[in-house]
Amino acid sequence: MFQGYLPMILGGLRVTLSVASVSLAIACVIGLIGASAKVYGGKAARLSAAAYTTTVRALPDLLVMLVVFYGGQILLNSISETYGWGYLDVDPYIAGVSTIGFVFGAYLTETFRGAILSVPAGQIEAGFAYGLSRWQVAFYILLPQMIRHAVPGLTNTWLVMLKATALVSIIGLDDMVHRAGLASAATREPFTFYALIGLIYLAVTTFSVLLFGALEKLSSRGVRSGGAA
Amino acid sequence: MIDWEIVADNLPAFAGGLVNTLILLATVVVSGFAVSVPLALVRSMRSPHFSRAVWLFTYGIRGTPLLVQLFVIYYGIAQFEFVRSSAIWPLFRSPWFCAWLALTINTVAYTTEIFAGAIRTTAPGEIEAARSIGLSRAAVLRYVIWPSAWRRALPQYGNEVVMMMHATALASTVTIVEVMRVARDVYTNYLVLAESFGVAAAIYLCLTIGLTTFFRWLETHFLRHLSRSNAPNAREKPAEHLNPKVA
C-alpha cells in the first residue's frame, strides 16, 4: 500500500519526535529562565523577558523560525569571518530545535510564571526559616510543587509544539513531513502519504494526552481534589 | 543598518501581500464562524451520538498539524482521478480555495470546542426560567443560551482569531503571495533580514495589536452590564478588565 516507503516515513517520525523532545527541553530551560526573570528579576530582566514573550507570541511561528534560521546563519558567518574560519553552514537540526525551543520558551515562560506564583509564599519562607539555601529552596520546595501547576500548560505546549515541528520541513530538515513529500513525489500518491503522517501525528498526540494525564495524576498525588471536599 | 531604499522599493509588494492576508483571514473567519455555531450546538446536545460525531471531527483536526492538513487538501486531493475528471476540480486546483478550505476546517475544529464549552456552562436555572415563562426552544437558544455563551467565549475566540491570522502565513507554502511570501521573496532577492522579515514582523505585530484591541473593545461592549463591581458574575474577571467608564 505504501510501496515500501513506510520504513522511511517511520524514520522521519524518529526525527520529528527527536526535534519535538529536544525543543521541549530547550523551551523548558528558556521558560524557567524567563519565568524567574519575570518573578524575581530586576527591572532590566523583567523588561527583556516581557519584550521576548510579547513579540514571539504576537508573530507567526513560521516567521520567527525563518528569522532565527537566517539570522543565526548571518550571525554565525559574521563571527566566522572575524576569526577567518570560512563559510559555515547552520545545521538544520540545530537550527530547528533552537528556533522551536526559542518560540515555545515564550509560552512556557508564562506557564512557569503562573506555576511559581501559585506556590504559597509561606512554604518558601518556611524553607528559609529552616536554614535552607536559595538553591535548596528552589530544588526541594519550589520546583516539585511548581510541576503540579505547570503540567496542564506543559501538556498543551507539548501538543502545539509537536504539530509545529511540521514547519521544520520548510527550513530543510528531513522530518516526517519532508519525507512524506519525497514519497509523494516518487509515487505520485500525495494523499496516501500526507494522510498517513496525519494519522501518525494523531496517534502521537493521543498517546501524549494519555501519558500527560498519568503525569498529572502522579504530580497531584496527596493533594486533596476540589470535588471531594 | 537598515537599507530604507529596499524597504521603500518593496512596500507595494508588502501592501499587496497584506491585502491577500486580510482577504484570506476575513473569508476564513466568516465561514469558520458560520459553520462552528451550529456545530457547537450539536456538540453540546444531550444525545451522545451527534455530540460524539462532532467530537471525533474536532479531535482529529486538533491532533494534526495545519501544514499537513493543507498539504492533504492541496497536493493530496489531486491523486484521485474521479476528482480530476469532475466539475469541482477547478476548485481543488486553486491554491486560494485549498488554503481557505484548510484554514476553515482547522478553525472550525477549535472554535466549535470553544463555543460548545461556553454553551455547556450556561447556568441551568437560566434555561429553566426561560422555559417556565413559555419561551420556545428556539427562543431560549436565541435569547438566553447564545448571548451568554458568546460573552463567555469571547476572550478565547479572540485568541483563536489572532492565531488564525498567524496561520495564514502557511498559505505562503502553497504559492499564495501574502505577507509571509513577500518577506521570503524579498529575503531571497536581497539577502537582508530586517528589510524582509523585519517589515513582515512589523505588519503582523500591528495586525495582532489591532485584533486584540478590537476584541478587548468587543468584550467591554458585550460585558458592559457587568462592569459594576458588585455584579455577581463579574467575580471571575478582574474589574479593571472591564470598561469602568460605562458604569
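Residues numbered from 1 in each chain as written. Chains lettered and ligands numbered in written order. Predicted model: local features only at pLDDT ≥ 70, side-chain atom pairs only at ≥ 80, totals over all residues. Heavy atoms only, no water.

Taking an unreviewed UniProt entry as the reference, chain B is identified by name as ABC transporter permease belonging to Ensifer adhaerens. Under the Sequence similarities (unreviewed entry) heading, UniProt states for chain B: "Belongs to the binding-protein-dependent transport system permease family. HisMQ subfamily." (UniProt positions renumbered as here; feature names shortened; annotations may be inferred.)

As annotated in an unreviewed UniProt entry, chain A is ABC transporter permease subunit from Ensifer adhaerens.

Chemist: It is not clear to me how the overall build of chain B should be interpreted in this structure. Could you clarify?
Modeler: Scanning chain B from N- to C-terminus turns up 10 helices and 0 strands. Sequence-ordered secondary structure for chain B, helices as α and strands as β, is α-α-α-α-α-α-α-α-α-α. When the backbone C-alpha atoms are referred to their principal axes, chain B occupies close to 70 × 55 × 25 Å. Within chain B, the fraction of its 247 residues that count as buried is 47%. Pairs at least 24 apart in sequence give 72% of the contacts found in chain B among residues at least 6 apart. Placing the 20 positive and 14 negative side-chain charges of chain B at their respective mean positions leaves the two points 16 Å apart. (Helix = DSSP H or I, 4+ residues; strand = E, 2+ residues; numbered from the N terminus. Buried < 20%, exposed > 50% of the residue type's maximum accessible area, 1.4 Å probe, protein only. Contact = heavy atoms within 4.5 Å. Lys, Arg positive; Asp, Glu negative; His and termini not counted. Charge placed at Lys NZ, Arg CZ, Asp CG, Glu CD.)

Chemist: What is the right way to look at the overall build of chain A in this model?
Modeler: Scanning chain A for helices and strands turns up 8 helices and 0 strands. Helices and strands in chain A line up, N terminus first, as α-α-α-α-α-α-α-α. Counting only C-alpha atoms and orienting by the principal axes, one finds that chain A spans roughly 65 × 55 × 30 Å. For chain A, the proportion of its 229 residues judged to be buried stands at 43%. Within chain A, contacts between residues at least 6 apart in sequence are counted, and of these 78% link residues at least 24 apart. For chain A, the exposed surface amounts to about 11,800 Å²; the carbon and sulfur share of it is 67%. Positive and negative side-chain charges of chain A, numbering 14 and 10 respectively, have mean locations separated by a distance of 15 Å. (Areas by Shrake-Rupley, 256 points an atom, 1.4 Å probe, with all protein chains shown as cover.)

Chemist: Explanation requested: the interface of chain A and chain B in the structure shown.
Modeler: The accessible area lost on association of the parts is a frequent measure of interface size. In this complex, chain A contributes 30 residues to the contact, which on the side of chain B involves 31 residues. Looking only at chain A, the three residues that lose the most surface to chain B are Lys163, Phe191 and Tyr194 of chain A, adding up to 22% of its buried area. The interface formed by chain A and chain B includes 0 salt bridges. In this assembly, chain A and chain B are joined by 8 residue pairs in polar contact (both at pLDDT 80 or more). Here the side of chain A that touches chain B gets 11 residues from one element, more than from any other, and that element is helix α8 (residues 190-219) of chain A. Considered class by class, the residues forming the side of chain A that touches chain B number 20 nonpolar, 6 polar and 4 charged. (Buried area = accessible area lost by both parts, 1.4 Å probe. Salt bridge = Lys/Arg side-chain N within 4 Å of Asp/Glu carboxyl O. Polar contact = N/O pair within 3.5 Å; in protein donor to acceptor, adjacent residues only side chain to side chain. Nonpolar A, V, L, I, M, F, W, Y, C, P; charged D, E, K, R; others polar.)

Chemist: Explanation requested: the environment of Ile100 of chain A in the structure shown.
Modeler: Residue and element names in this part refer to chain A. Along the chain, Ile100 turns up in helix α4 (residues 92-117). The exposure class of Ile100 is buried, given its relative accessible area of 0%. Each C-alpha atom, one on Ile100 and one on Ala20, is 8.2 Å from the other, the two residues being 80 residues apart in sequence. Sequence-distant contacts of Ile100, that is, excluding residues within four places in its chain, are made with Val19, Ser23, Met65, Met161, Ala164, Thr165 and Val168.

Chemist: How should the side chain of Glu160 of chain B be read in this particular structure?
Modeler: Following the sequence through the fold, Glu160 of chain B ends up in helix α8 (residues 137-167). Here Glu160 of chain B sits buried without a salt bridge, and the closest side chain of opposite charge, Lys163 of chain A, lies 9.3 Å off (N-O distance). A polar side-chain atom of Glu160 of chain B sits 2.8 Å from a polar atom in the side chain of Thr107 of chain B. Beyond its immediate stretch of four places on either side in the chain, Glu160 of chain B contacts Thr107, Tyr110, Thr111 and Ile114 of chain B.

Chemist: Would you take a moment to explain the environment of Ile127 of chain B for this structure?
Modeler: Residue and element names in this part refer to chain B. Structurally, Ile127 can be placed in helix α7 (residues 124-132). Taking C-alpha positions, Ile127 is 6.9 Å from Val140, a pair spaced 13 residues apart along the chain. Contacts of Ile127, omitting those with residues within four sequence positions, involve Thr122, Val140 and Ile145.

Chemist: What is the right way to look at the confidence of the model for chain B in this model?
Modeler: When pLDDT is low, close inspection of the predicted coordinates is not appropriate. Chain-level statistics for chain B give a pLDDT mean of 90 and a share of 91% at 70 or above. Counting interchain partners and residues more than four positions distant, the pLDDT-below-50 stretch residues 237-247 of chain B has 14 contacts. (pLDDT = per-residue confidence, 0-100.)

Chemist: Before we go on, may I ask you to explain the UniProt feature "domain: ABC transmembrane type-1" (unreviewed entry) in chain A in this structure?
Modeler: The positions UniProt marks with the feature "domain: ABC transmembrane type-1" (unreviewed entry) are residues 13-212 of chain A. Across residues 13-212 of chain A one finds 84% helix and 0% strand; the C-alpha atoms that close the span lie 20 Å apart.

Chemist: Teacher, can you tell me more about the UniProt feature "transmembrane region" (unreviewed entry) in chain B here?
Modeler: Residue and element names in this part refer to chain B. UniProt's feature table lists "transmembrane region" (unreviewed entry) at residues 22-42, 54-77, 97-119 and 197-218, given in the numbering used throughout. Across residues 22-42 one finds 100% helix and 0% strand; the C-alpha atoms that close the span lie 30 Å apart. Along residues 54-77 the backbone is 83% helical and 0% strand, and the end-to-end C-alpha distance reaches 23 Å.

Chemist: Would you mind going over the packing of aromatic side chains with me for this structure?
Modeler: Both the distance between ring centres and the angle between the ring planes are used here to describe each pair of aromatic rings. With the rule as written, the count across this model stands at 30 aromatic pairs over all chains. A ring pair is formed by Tyr70 of chain A and Phe197 of chain B, whose centres lie 5.8 Å apart and whose planes are at 10°; its orientation type is stacked. Linking Tyr70 of chain A in helix α3 (residues 61-83) with Phe197 of chain B in helix α10 (residues 194-222), this pair reaches from one chain into another. What makes Tyr70 of chain A partly exposed here is its relative accessible area of 25%. (Phe/Tyr/Trp six-rings, centres within 6.5 Å; stacked < 30°, edge-to-face > 60°.)

Chemist: So what exactly am I meant to see when it comes to the pattern of salt bridges here?
Modeler: Side chains bearing opposite charge may pair, as long as their charged atoms lie close to each other. All names here are of chain B. Using the criterion set out here, one finds 6 salt bridges over all chains in the structure. As a salt-bridge pair, Arg43 and Glu113 come within 2.8 Å of each other at their nearest N and O atoms. Residue Arg43 is found in helix α1 (residues 4-43), and its partner Glu113 is found in helix α6 (residues 95-120); the two are separated by 70 residues along the sequence. Classification of Arg43 as buried rests on a relative accessible area of 12%. A residue is classified by how much of its surface remains accessible, and Glu113, at 16% relative accessible area, is buried. A salt bridge links Asp185 to Arg181; the shortest N-O distance between them is 3.4 Å.

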